[in-house]
Amino acid sequence: MYVAKGNENAAAPYDSWETAAATIEDALRIAPNSTWIHVAAGTYTPAEVLMLTNVVRLAGETGDWKDVVVDAQDKRRVAWIENPDAALESATLTRGYTGGYAAGVHIGGGALRNCRVTACRFHNTGGQIDGNSYSVVANVGGTIEDCLIDNNSGSFMYNGNSFTPTALGLCQTAGLTDSCVVTGNYVYVGANASGIGTGNTGGGIHLIGGTVRNSLVAWNRVNQIHHKVADGRGRSFAGGLYASGGTIINNTFVGNSTTARDGLSVELTYGAVIASGDAVVENNLVADNHETTTEAEIGCVAQGSATFLHNCAKNAAGLPGEGNVETKGEVYRVRGGVVESPASSPCHDAGRNADWMAEATDLYGRPRLFGKRVDIGAAECQAGAGTVIQLR
Ligand SMILES: [Ca+2]
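What counts and what doesn't
- Residues numbered from 1 in each chain as written.
- Predicted model: local features only at pLDDT ≥ 70, side-chain atom pairs only at ≥ 80, totals over all residues.
- Helix = DSSP H or I, 4+ residues; strand = E, 2+ residues; numbered from the N terminus.
- Contact = placed C-beta atoms within 7 Å.
- Buried ≥ 20, exposed ≤ 12 C-beta atoms within 10 Å, placed from the backbone.
- Pairing = 2+ DSSP bridges.
- pLDDT = per-residue confidence, 0-100.

**Section: the overall build of the chain**
Right, so step 1: Secondary structure summary: the chain contains one helix and 41 strands in total.
Right, so step 2: Nonlocal contacts in the chain, meaning residues at least 24 apart in sequence, comprise 68% of its contacts between residues at least 6 apart.

**Re unusual backbone geometry**
Right, so step 1: Residue Pro13 is reached from Ala12 by a cis peptide bond, and omega for that bond is 10°.
Right, so step 2: The residue Glu295 is not glycine, and still its phi comes out positive at about 60°.
Right, so step 3: Within the secondary structure, Glu295 sits in the loop between strand 34 (289-291) and strand 35 (296-298).
Right, so step 4: For Glu295, a count of 8 C-beta atoms within 10 Å puts it in the exposed group.
Right, so step 5: Phi angles above zero are rare outside glycine, and Asp349 is one such case at about 55°.

**Considering the sheet that holds strand 39 (residues 325-326)**
Sheet strands pair via backbone hydrogen bonds, and the direction of the pair is either parallel or antiparallel.
Right, so step 1: One open sheet accounts for eleven strands, arranged 3-6-9-13-16-20-25-29-33-38-39; its pairing is parallel. Two strands lie at the open edges of the sheet, namely strand 3 (42-44) and strand 39, each paired on one side alone.
Right, so step 2: Examined bridge by bridge, strand 3 and strand 6 (residues 68-71) share three bridges and lie parallel to one another. Bridge pairing links Gly42 to Val68 in strand 6.

**Observations regarding the environment of Cys147**
Right, so step 1: On the secondary structure map, Cys147 appears in the loop between strand 15 (137-145) and strand 16 (148-150).
Right, so step 2: On a C-alpha basis, the gap between Cys147 and Thr92 in space is 9.7 Å, while along the polypeptide they are 55 residues apart.
Right, so step 3: Setting aside anything within four residues of it in sequence, one finds Cys147 in contact with Leu112, Asn114, Cys115, Arg116, Val117 and Cys180.

**A closer look at the pairing of strand 19 (residues 170-178)**
Right, so step 1: As paired elements, strand 15 and strand 19 share seven bridges and run parallel to each other. Within the sheet, the bridge partner assigned to Ile144 lies in strand 19 and is Thr177.
Right, so step 2: Judged from the three bridges that link them, strand 19 and strand 23 (residues 205-207) form a sheet pairing that is parallel. Looking at the pairing, Cys171 lines up with His206 of strand 23.
Right, so step 3: Here strand 19 pairs with strand 24 (residues 211-213) via three bridges, running parallel. Paired with Thr177 across the bridge in strand 24 is Val212.

**Considering the confidence of the model for the chain**
Right, so step 1: Within the chain, residue pLDDT values average 89, and 85% of them lie at 70 or more.
Right, so step 2: This model gives residues 127-131 a pLDDT under 50, and the stretch forms ten contacts once residues within four places in sequence are excluded.

**Here's the deal with the environment of Cys300**
Right, so step 1: Relative to the helices and strands, Cys300 resides in strand 36 (residues 300-302).
Right, so step 2: Cys300 sits 62 residues away from Ala238 along the chain, and the two C-alpha atoms are 9.2 Å apart.
Right, so step 3: Ignoring anything within four residues of it in the chain, the contact list for Cys300 reads Gly271, Ala272, Val273, Val281, Val286, Phe308, Asn311, Ala313, Asn315 and Leu319.

So, in structure tokens, the structure goes:
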């Protein structure tokens with residue numbers, strides 16, 4: 001099945017480029033199971049949420065996410081992937097909007113691959129909404145691979161009693177996120193004079209279950225103002241990731257920040273990575289994240305029975321678990337958009353190996369395992385300190 005923007009000769013079942021559907025939603029509406037929907041380059045403005053309820057592969061034809069743009073025009077969510085065997089690939093999803101949940105895309109099953117989710121936003125003015133978790137991308141059991149989730153925003157302005165956990169970029173309750181970049185997202189949480197405030201917040205990711213690996217979470221911001229908390233429940237604000245469960249393995253968290261001001265009346269916790277419940281945090285690099293009011297560097301915070309293994313972080317010595325190392329020297333560097341650790345970094349060969357790494361690639365598509373041990377972070381240094389160059 002084919003889609004070409006505005007095609008004047010469109011004729012169902014859209015089985016050639018000549019008779020291609022003029023809109024993506026026309027094709028989705030009649031696509032039977034096991035359909036590959038090829039989408040020609042162009043900017044599409046659907047009149048409804050793109051629903052992937054059948055077994056369809058909806059894919060930008062060029063393979064470059066820049067070429068197919070799906071613009072929800074700030075009116076509604078962009079896409080909803082429900083079928084466990086559906087996939088949405090090689091497209092930019094932009095300007096999605098909701099009152100809180102999945103402003104960009106909901107992944108109930110199936111996969112989001114090689115896509116960019118950008119300039120989406122959610123806005124909520126409060127109410128009794130305990131228990132939901134708000135974000136731009138919501139994964140409740142599918143797979144997210146090779147995606148860029150960037151420059152999205154969310155805001156809350158509460159005037160009621162709420163304890164809504166919030167994420168800006170991604171909230172995942174089950175499934176897998178692999179080799180993604182979550183960056184430049186901004187969430188504002190606030191309360192007016194009678195408000196009580198919000199729940200635990202992650203600027204980049206809120207993880208409830210499943211696995212996040214090989215991903216970069218960088219330069220996301222949480223800003224909360226006039227936060228009058230009176231119900232005795234403490235709040236945690238994580239610039240990068242807040243986890244109440246799940247596995248966080250081989251990711252890099254740099255440059256994330258939190259800001260807090262005014263009206264604070266219970267204990268607030270700030271961190272770059274805050275993990276509680278039975279979350280496992282392993283082989284992650286956490287550096288150069290800050291609380292902006294005091295300009296203090298924030299690192300990892302362990303709550304509940306969360307475990308921290310083989311991470312490189314500022315406060316490594318105080319973390320519950322073995323193999324954690326302090327950030328020292330040139331821990332990482334950014335060159336040409338690539339965030340990686342040099343061979344001299346304490347991250348080098350300091351992670352703990354796992355079976356999945358043998359066949360896997362790192363964030364940048366290179367072998368995940370180089371040398372005897374995996375590196376800490378999303379990138380694997382391919383020029384080991386032990387490399388011997390023979391001249392003959
Ligand atoms: Ca290595």
